[in-house]
Amino acid sequence: MKVHIIAPYESMIPIIKACVPLYPDLEIGYSKGDLEKGVELAKLDRKTERML
């Protein structure tokens, strides 16, 4: 399963990085941004999945 986390603050990135190894069965990605950016990333990823 793929999970992408949009962190609203740069300071959250180290916490996310520390948690990634706790969930080896998940493909966890992350980026810094706001909710609107997150929605756009999700839409793009969804379109990419359909093309594969």
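Below is a summary of the structure that appears in this document. Within each chain, residue numbers correspond to sequence positions counted from 1 in written order. Restriction of local features to residues with pLDDT of at least 70 applies here, the model being predicted, together with a cutoff of 80 or more for giving and counting side-chain atom pairs; totals for whole chains, interfaces and linings are based on all residues. Only hydrogens and water are removed before side-chain values are computed, so all heavy atoms of the structure are retained for them.

1. Describing the overall build of the chain
- Secondary structure counts use DSSP, requiring at least four H or I residues in a row for a helix and at least two E residues in a row for a strand, with both numbered from the N terminus. The helix and strand tally for the chain stands at two helices and two strands.
- Whether two residues are in contact is decided by their heavy atoms, any of which lying within 4.5 Å being enough. Look at the contacts in the chain between residues 6 or more apart in sequence, and 64% of them connect residues 24 or more apart.
- About 4500 Å² of surface is accessible on the chain, with carbon and sulfur atoms providing 62% of the total. Where accessible areas are quoted, they stem from the Shrake-Rupley method and a 1.4 Å probe; at the residue level, only the protein chains shown are allowed to cover.

2. With respect to the pattern of salt bridges
- By definition here, a salt bridge exists when the distance from a side-chain nitrogen of Lys or Arg to a carboxyl oxygen of Asp or Glu is within 4 Å. Across all of its chains, the model carries one salt bridge by this definition.
- For Lys43, the salt bridge identified is with Glu40, shortest N-O distance 3.9 Å. One end of the pair is Lys43 and the other is Glu40, both in helix H2 (residues 35-51) and three residues apart, which spans about a single turn.
- Each residue is assigned to one of three classes by its accessible area relative to the maximum for its type, calculated with a 1.4 Å probe on protein chains only: buried under 20%, partly exposed between the two thresholds, exposed over 50%. Overall, the relative accessible area of 45% leaves Glu40 in the partly exposed class.

3. Details of the pairing of strand E1 (residues 2-7)
- Whether two strands pair depends on DSSP finding at least two bridges between them. In the sheet, E1 pairs with strand E2 (residues 27-32) via six bridges, with the strands oriented parallel. Within E2, the position partnered with Lys2 by the bridge is Glu27.
- Read as a crossover between parallel neighbours, the route from E1 over helix H1 (residues 13-19) to E2 is right-handed. For the handedness criterion, the strands are oriented away from the viewer, and a crossover whose path from the first strand over the helix to the second runs clockwise is classed as right-handed.

4. A short note on the side chain of Ser31
- Within the secondary structure, Ser31 sits in strand E2.
- Whenever a nitrogen or oxygen atom comes within 3.5 Å of another N or O atom, the pair is scored as a polar contact, on the condition that within protein one atom can donate a hydrogen and the other can accept it, and that pairs from neighbouring residues in sequence are kept only if both atoms are in side chains. Of note is the side chain of Ser31, whose polar atom sits 3.0 Å from the side chain of His4.
- Setting aside residues no more than four positions away along its own chain, Ser31 makes contact with His4, Ile5, Ile6, Ala7, Ile13 and Leu41.

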